[in-house]
Each structure stands twice: as C-alpha cells, then as structure tokens.
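So the chains spell out like this:
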Amino acid sequence: MHLPDGLMPVEMALAGYAGSGLLAAISLSRIKHLPDPSALVPRAAMLTTVFFAASLVAIPVPPTTVHLMLAGLLGVMLGWFAIPAILVGLFLQAVLFGHGGLTTLGLNGLILGPPALLAFWLWRAAGRRWPDVVAVCAGSGAVVVALFIFAALVLAGMPVALDARAEQTALWAFMLAHVPLVLAEGLIVLVVLRVLRRTAPQLLPHG
C-alpha cells in the first residue's frame, strides 16, 4: 500500500513530508527520554530489515495485489522506534527498488506511522491484561487504519477530471482485497508474541 511518484499533487507531497518530519521529530524526542535509548536499537534494526523485505513481496488478490505492512508488529515491538524504522524501510524500498516513491515518501510514512503508534498505545494500555486479544487487534487494526488513511489521501488528491464514483468504487475494491491481510497481520502479531512468551519472555514489549 504505497503511493507511487506522480500520483499525488505537489502540495500534498510536501505536506506529507512535513507531517512525517514532525512525527519523526516527536518520536526521536520520546526515544531520547527512554531510560536506555540504545537498548532497542538492535531490535529496531532487525525489524526494519523484516519490514523492508516482507513488504516488497506482492501477493495477488484479485483485482489487485497486496503485501504485508507489519505496522502493527513494529508498533507493538518497537514503540516510538517504529516511526524511524518505517521511514528508513520506506526510503530504502523507494531508492533500491522503486517501491513507493521519493516524492510520496512523507505520505507513505503517514499511512503506516500512525497505525503503528496506535498499535503501540493499545498494547501498552491493555497488552498485559489480554495479550492475545490485544495482539490480534493491534495487528489487524493497524492494517484497517492504514487502509482508511490511504483511501483518504487518494480521494483528497484525486484530480477533478476523474470520475469520482469510479474512483471510489476502485478504492472499495482495493480495500476489500485487503481483508485477508487484515486477518493475516493480526495472526502474525499473535504468533510472534506467543512464541516470545514461551521462548524469550525478556524480549516481550512491556504492556
């Protein structure tokens, strides 16, 4: 779910950079105030690599293709580190493989960054009490929120000359094609946290 170069108006692309820049600045400020900011750097590097590789793989789901987003997983596992991890991963995808775009990098960061933070806050609020339920909600919910942000941005940047009704129909078809991904990402977060609970509980994010 990447916005490519040339799809969005210049002013929206610039606003996307401003929004992602602000989000990154807030995240880095919060990271600096952690008791040990460097403790999560290895985990952030590993999960950035996983995000970078996994979201490059396109899976055909007619009438479109989908790919893993992993915003919920990054949010739960990394907290505020999820924002720089997502932005670095998106930048490398755009530069190395043309996946997404450089002009739309800020907007793509806004599609995935806020859902990751919502997953983080959800886990922090209720993960200790209902770990399995919250894990599924964090993974699946992040995809749902990202889909609606994506749709809102596309509709806002849609040229006047285009048929609005046809565009909305195409967007709904695109979103419905992501229903299997919604379920899959909830399952991914659930499985990862269950495995960590049994094999390496010290790596579990704090709820």
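Just so you know, these numbers come straight off a predicted model, no measurement behind them.

1. Some details on the pattern of salt bridges
Pairing of side chains with opposite charge becomes possible as their charged atoms draw close. This structure, assessed with the given rule, holds 2 salt bridges. The residue Asp 132 makes a salt bridge to Arg 194 at a minimum N-O spacing of 2.8 Å. In this pair, Asp 132 sits in helix α6 (residues 131–156) while Arg 194 sits in helix α8 (residues 179–199), placing the two residues 62 residues apart along the sequence. Judged by its relative accessible area of 37%, Arg 194 falls in the partly exposed class. Note that Arg 197 and Asp 132 form a salt bridge whose closest N and O atoms lie 3.0 Å from each other. Remark: Asp 132 occurs in helix α6 and Arg 197 occurs in helix α8; sequence separation between them is 65 residues. Here Asp 132 falls in the partly exposed class, since its relative accessible area comes to 25%. Taken together, the salt bridges that share partners define one network made up of Asp 132, Arg 194 and Arg 197.

2. Describing the side chain of Ser 20
With respect to the secondary-structure elements, Ser 20 resides in helix α1 (residues 10–32). Once residues within four sequence positions are removed from consideration, Ser 20 is found in contact with Leu 87, Gly 106, Gly 109 and Leu 110.

3. A look at the environment of His 2
Of note, His 2 is situated in the segment before α1. Note: C-alpha distance between His 2 and Asn 108 (106 residues apart in sequence) is 6.0 Å. Residues within four places of His 2 in sequence aside, it is in contact with His 67, Leu 90, Gln 93, His 99, Gly 100, Asn 108 and Phe 150. A distance of 3.2 Å separates polar atoms of two side chains, one belonging to His 2 and the other to His 67. A distance of 2.9 Å separates a polar atom in the side chain of His 2 from a polar atom in the side chain of Gln 93.

4. A word on the side chain of Arg 43
By the element assignment, Arg 43 lies in helix α2 (residues 41–54). At 11 Å, Asp 36 is the nearest oppositely charged side chain to Arg 43, a buried residue that forms no salt bridge. In terms of polar contacts, Arg 43 uses its side chain to reach the backbone carbonyl oxygen of Leu 203, at 2.8 Å. Those residues in contact with Arg 43 that sit more than four places away from it in its chain are Met 77, Leu 78 and Leu 203.

5. Quick word on α1
Taking 1.5 Å of rise per residue, the 23 residues of α1 would be expected to cover 33 Å, and the 33 Å separating its terminal C-alpha atoms lies within 8% of that figure. Of all the residues in α1, the buried ones are Met 12, Ala 13, Gly 16, Ser 20, Leu 23, Ala 24, Ser 27 and Ile 31. Buried-residue contacts for α1 involve α4 (82–97), α5 (105–126) and α6.

6. Some points on the packing of aromatic side chains
In the structure shown here, the tally under the stated rule is 4 aromatic pairs. Pairing Trp 80 with Phe 120 gives two aromatic rings, centres 6.3 Å apart and planes at 70°, and the pair type is edge-to-face. Taken together, the residues span a long stretch of sequence, with Trp 80 in the loop between α3 (71–78) and α4 and Phe 120 in helix α5 at a distance of 40 residues. Taking relative accessible area as the criterion, Trp 80 reaches 10% and is therefore assigned buried. For the ring pair Phe 150 and Phe 174, a centre distance of 5.0 Å and an interplane angle of 25° mean the geometry is stacked. A residue pair is termed long-range when its members are at least 10 positions apart, and Phe 150 in helix α6 and Phe 174 in helix α7 (residues 164–176) qualify at 24 residues.

7. Observations concerning the packing of α3 against α8
Their axes nearest at 9 Å, the elements α3 and α8 cross at an angle of 30°. As far as their axial angle goes, α8 and α3 are roughly parallel. Once α3 is placed against α8, the crossing between them reads as right-handed. Mapping the contact onto sequence places Ala 71, Gly 72, Leu 73, Val 76 and Met 77 in α3 and Glu 185, Ile 188, Val 189, Val 192, Leu 193 and Leu 196 in α8.

8. As for the confidence of the model for the protein chain
On average, residues of the protein chain carry a pLDDT of 90, and 96% of them reach 70 or more. Least confident of the elements in the protein chain is α7, whose mean pLDDT is 76; most confident is α3, at 97.

What counts and how
- Residues numbered from 1 in each chain as written.
- Predicted model: local features only at pLDDT ≥ 70, side-chain atom pairs only at ≥ 80, totals over all residues.
- Heavy atoms only, no water.
- Salt bridge = Lys/Arg side-chain N within 4 Å of Asp/Glu carboxyl O.
- Helix = DSSP H or I, 4+ residues; strand = E, 2+ residues; numbered from the N terminus.
- Buried < 20%, exposed > 50% of the residue type's maximum accessible area, 1.4 Å probe, protein only.
- Contact = heavy atoms within 4.5 Å.
- Polar contact = N/O pair within 3.5 Å; in protein donor to acceptor, adjacent residues only side chain to side chain.
- Lys, Arg positive; Asp, Glu negative; His and termini not counted.
- Expected span 1.5 Å × (residues − 1).
- Phe/Tyr/Trp six-rings, centres within 6.5 Å; stacked < 30°, edge-to-face > 60°.
- Axes fitted to C-alpha atoms, helices over the stretch in contact; angles between N-to-C directions.
- Parallel < 35°, antiparallel > 145°, perpendicular 65-115°, else oblique.
- Left-handed = near helix turned anticlockwise from the far one by under 90°.
- pLDDT = per-residue confidence, 0-100.

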